[in-house]
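Summary of structural features
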Amino acid sequence: MFKVGIPFAISLCMKTTLPHKSPKASDITLLKDRQLSVHETDGSPVEMTCGLASLAGAVSQRACVFCGSRVVLYPVADAVHIVHGPIGCAAYTWDIRGSLSSGPELHRLSFSTDLRERDVIYGGEKKLTAALLELIKEHKPNAAFIYSTCIVGIIGDDMEAVCRKVAAETGIPVLPVHSEGFKGSKKDGYSAACNALMRLVGTGDTSNIPLLSINILGDFNLAGEIWMIKEYYQRMGIEVIATVTGDGRVADIQRCHGASLNVVQCSGSMIHLAKAMEEKYGTPFLRVSYFGIEDMSRALYDVAEHFEDPELTNRAATLIKEEVSVVMPRLRELREKLKGKRAAVYTGGAFKAFSLVRSLRLLGMRTAIAGSQTGNKDDYKELAEICDPGTVLLDDTNPLELAKYIQEKNVDLFIGGVKERPIAYKLGVAFCDHNHERKIALAGFEGLLNFAEEVHASVNSPIWNLVPRRRNQEDAI
Amino acid sequence: MTPPAVKKEKAPSYASSCNACRQCTPLGACLAFKGIEGAVPFLHGSQGCATYIRRYLISHFREPIDIASSSFSEDSAIFGGERNFRRGIGNLTKQYSPRVIGVATTCLSETIGDDVPSFLRQIEKDVTESEDQPKLVHVSTPSYTGSHIDGFHEATRSVVKTFAVRGPVNNRLVIFPGMVSTEDLRSLKQDFNAFELHGILAPDYSDTMDGPAWESYHRMSPGGTPLSELALFGGAKAAIDFTHCVADKQLAGSYLQETFGIVRHRLPAPMGIEATDRWLELLSTLSGKEIPAHYQEQRGRLIDAVVDGHKYLSRVPVALFGEADHVLGLCAFLSGLGLEIRLVATGGKTKGFEEAVNNNLSGESTPEILNGVDFRDIERAVERLEPKLLVGNSKGYTLSRRKKLPLMRTGFPIHDRFGGQRLLHFGYAGAQRLLDELINTVITHRQAESDVGWTYI
């Protein structure tokens, strides 16, 4: 299974290494409990250990249950989002995602009950009730989401009761999100968020919803991506009922069970909602990705095929042809400049990693490291299939493992989020943010072009000639 | 200096907080630990605390910041976190070979009543006589009390408590600078050199949080207060706490004074002209040396620039917000430049803040003073008081955008400008930089607001 690095016995001896000496890549060894979560592809069957709680002391790149819920529900723009807990959880998630709204922007305000010592002792229910009432009065939201944090799970506030009471008093849905940080991993936070959404689904009027209708699940409208995707489907003649949750609105979610199909991206975060809707309302779902030409095209064709309407398929084909012809000339030029470069990919959900591997290949690049925070066994099997032999797969990795393989595989580019960025930069590796903070749309056909331009701008920058690791490599050659 | 009229502190009137003007206690502790040689911060609680704080600090410092966690599960919350704690310390030790692990608690581990000091004693008992075993430092930082500033000072104090030993008097001058920028830390070191003093900063993250590009990956960023130096703190010639607002019981210098009888000075950080004068005078006294000529030259140029620029700033109404000691420094400097301070606000509830602000004002400012508030309170006050300029950290950007007011960024965090981690605030050079940026912020805004398109302002 574990084929790279030094055996564990040696890793124990590592203690004697002077801590401030800069270690070579091969000096970084894997913890015993991490070895089965790392795999170098060589055609043999992949059995990765994944989906577990993060290993204590391993410096995981993951956050917590609360984080999972917060990122999923965050873009619902006409609801107030109240973090029930001490100030940190709210402070660190204030305006953290670039999820755009075409209308209200309540989601960009950071509300918290800011629990203090006395609340911890006497309970926070009163404070929560007062907070809810004042915020609903002031902001007139269409719903309120209340996120419980670690401490609420301990002091035992009855969030359900508070929410019921306030809902009755204010007449809007007040939804508890059971997202205590320690109750599982980020993935469990996704489920908690979907459970909260399920309380909204089915409460709205579904009249006037046409047969050719879908919901877009699992896109968060970073840099306006959901508007691009929505426009594609509309051009095919399909009505989008709800976007969940990018540019999300409470009323749309309430009636989204009237749509004929759920189209689910970022399957990790929203598959739970899709399954619940299938079970309760019989709404079928499709899993798609909007990153890269192949996956974007498939997302349109699959929806067309679902409706078994050849006319829809024709329209999808026309659309794809038009869009691809716009971006292809420049993509070909960029491919020439990027050919042969090696990339590392580390994402939240594994689905995005698949798309990135395929997109990088289209650009002539090779993926040398691929991993995710929340992938499952099947995801890693698929990842192994689509990657070249010798690719290192990582589940729930950490800075030292990333640094080890960045150096061993000598990658030219790292695709990840804010926490991975300084690791790449310190080692003189180009970077592309494919996470919450990006401001450039990477989905859809034009998104792939943006992606390629961004990768080119970083990978082929002359600054890498200045950085010590790269410079020394050139000296060695 | 005319004594300003005292204005009543306004109590926040909401049950909820909206757009916090502070961060939580463990964040400050993590940053303090990052300034100790060979140290890795470790948060005893849920995985998210470590990751959120990493992300937040990375957005300001743009450096790798590894923070370990005991990654609580439901079981740990019910049966106690000792198992995960021990496992976490073990794994961290194996992977990083740290010299120090800085353990800070979180609201979760504090609330379930984990006795972390006893966990530490147990671990130290179990692994005896191993030189490679890292030293464990513990600080209690439940996030439902205080702010990141409390966490920072208390973690610093814990480090000093752990490492300082009684010894013969040495020539060290020990400075506890507080949560300041990496460039501020470097400027203090230049000051020591100028006075030929053996000054030591604790913590010192000037290299660990603002270091060069690497040839290969470092488990721990090089730099930090050397452990060998920390041991000598018990015999230091003098100790200095840079703070006006933090209580003595939280301060490391105060601990050295109480425990080892070390002469301790407590003074505001050298922000602005007067505070820098005081600081240099103290260094002069401690070193027995005259203030070197280049400081006089800097000061001379600064005063000249103040005169050249005063009309841009005179009577400009301004609102200040951020960490208490930082805004006090701004308050003293900016009021002395002739700006009209209309609002002074801080997020952490700070004892004696109102009085401190009033004691740090010159000119005719009679600001409204807000203590323990969020940006919703600050925005209300801004609506009432109509300042024309905001000075504070990046978290004021939302307010600045909504009210169409220019924001000059200082302090922490700076998430929406480049180089925030190395902004210089200290010394005459820092005052010069602040002055230039203040004036340019005013000019830029004036130019942008004007239809004329002034080419000379």
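Residues numbered from 1 in each chain as written. Chains lettered and ligands numbered in written order. Predicted model: local features only at pLDDT ≥ 70, side-chain atom pairs only at ≥ 80, totals over all residues.

From N to C terminus, chain B includes 17 helices and 14 strands. Computed over its C-alpha atoms, the radius of gyration of chain B comes to 22 Å, within 12% of the 23 Å expected for a compact globule of 457 residues. Taken along the three principal axes of its C-alpha coordinates, chain B extends 75 × 55 × 45 Å. Across chain B, the fraction of contacts at a sequence separation of at least 24, relative to all contacts at a separation of at least 6, is 72%. (Helix = DSSP H or I, 4+ residues; strand = E, 2+ residues; numbered from the N terminus. Rg over C-alpha atoms; globule rule 2.2 N^0.38 Å. Contact = placed C-beta atoms within 7 Å.)

Before going further, it helps to spend a moment on the sheet that holds strand β13 (residues 389–392) of chain B. Residue and element names in this part refer to chain B. Across the sheet, five strands lie side by side as β12-β11-β10-β13-β14; this open sheet has parallel pairing. With partners counted over all chains shown, the strands left at the sheet margins are β12 (368–371) and β14 (407–409), one partner each. Each strand of the sheet is rotated relative to its neighbour by a mean of 15°, with strand direction disregarded. Packed on one face of the sheet, helix α13 (residues 324–336) meets β10 (317–321), β11 (340–346) and β13 and runs near 175° to β11. (Pairing = 2+ DSSP bridges. Axes fitted to C-alpha atoms, helices over the stretch in contact; angles between N-to-C directions.)

We now examine the confidence of the model for chain A. When pLDDT is averaged across chain A, the result is 92; 94% of the residues are at 70 or more. Low pLDDT (under 50) marks residues 1–21 of chain A, which in the prediction has 39 contacts with non-local residues, meaning those over four places away or in another chain. (pLDDT = per-residue confidence, 0-100.)

Our next topic: the interface of chain B and chain A. Taken together, the 65 residues of chain B in the interface contact 73 residues of chain A. Elements with a minimum of two residues in the side of chain B that touches chain A: β1 (17–18), α2 (47–61), β3 (68–69), α3 (74–79), α4 (82–96) and α5 (107–111) of chain B. In the side of chain B that touches chain A, the residues fall into 25 nonpolar, 27 polar and 13 charged. One ladder, built from two bridges, connects strand β3 (residues 111–112) of chain A with β1 of chain B; its direction is antiparallel. If you follow Phe111 of chain A over to β1 of chain B, its bridge partner there is Cys18 of chain B. (Nonpolar A, V, L, I, M, F, W, Y, C, P; charged D, E, K, R; others polar.)

Moving on, we come to the confidence of the model for chain B. All names here are of chain B. Chain-level statistics for chain B give a pLDDT mean of 95 and a share of 96% at 70 or above. Here residues 1–6 is modelled with pLDDT under 50, and outside its nearest four sequence neighbours on either side it reaches seven contacts, counting other chains as well. Overall fold confidence (pTM) sits at 0.95, and the ipTM for the predicted complex is 0.94.

A word on the pairing of strand β6 (residues 172–176) of chain B. Residues and elements named next belong to chain B. By the criterion of burial, β6 is predominantly enclosed, with five of the five residues buried. Side chains Arg172, Val174 and Phe176 project from β6 onto one buried face, and the interleaved Leu173 and Ile175 project onto a second face that is buried too. On the question of chirality, the crossover connecting β6 to the parallel strand β7 (residues 198–201) by way of helix α8 (residues 182–194) is right-handed. Note that β6 and strand β8 (residues 238–242) share four bridges and pair parallel. Its bridge partner being in β8, Ile175 is matched across the sheet by Ile240. (Buried ≥ 20, exposed ≤ 12 C-beta atoms within 10 Å, placed from the backbone. Right-handed = clockwise from strand over helix to strand, strands pointing away.)

Here we come to helix α7 (residues 159–170) of chain A. Residues and elements named next belong to chain A. For α7, built from 12 residues, the straight-helix expectation of 16 Å at 1.5 Å per residue is met to within 8% by its first-to-last C-alpha distance of 16 Å. Turning to α7, its buried residues number three or more, namely Met159, Val162, Cys163 and Val166. Seen along its axis, α7 keeps its buried residues to an arc of 95°; they face one direction. Residues of α7 that are exposed and angled more than 90 degrees away from the buried face: Glu160, Ala161 and Ala168. Buried residues belonging to α7 abut α5 (125–139), β4 (143–148), α6 (150–155) and β5 (174–177). Backbone geometry just downstream of α7 places Gly171 in the positive-phi region, at approximately 80°. (Expected span 1.5 Å × (residues − 1). Arc of directions from axis to C-beta.)

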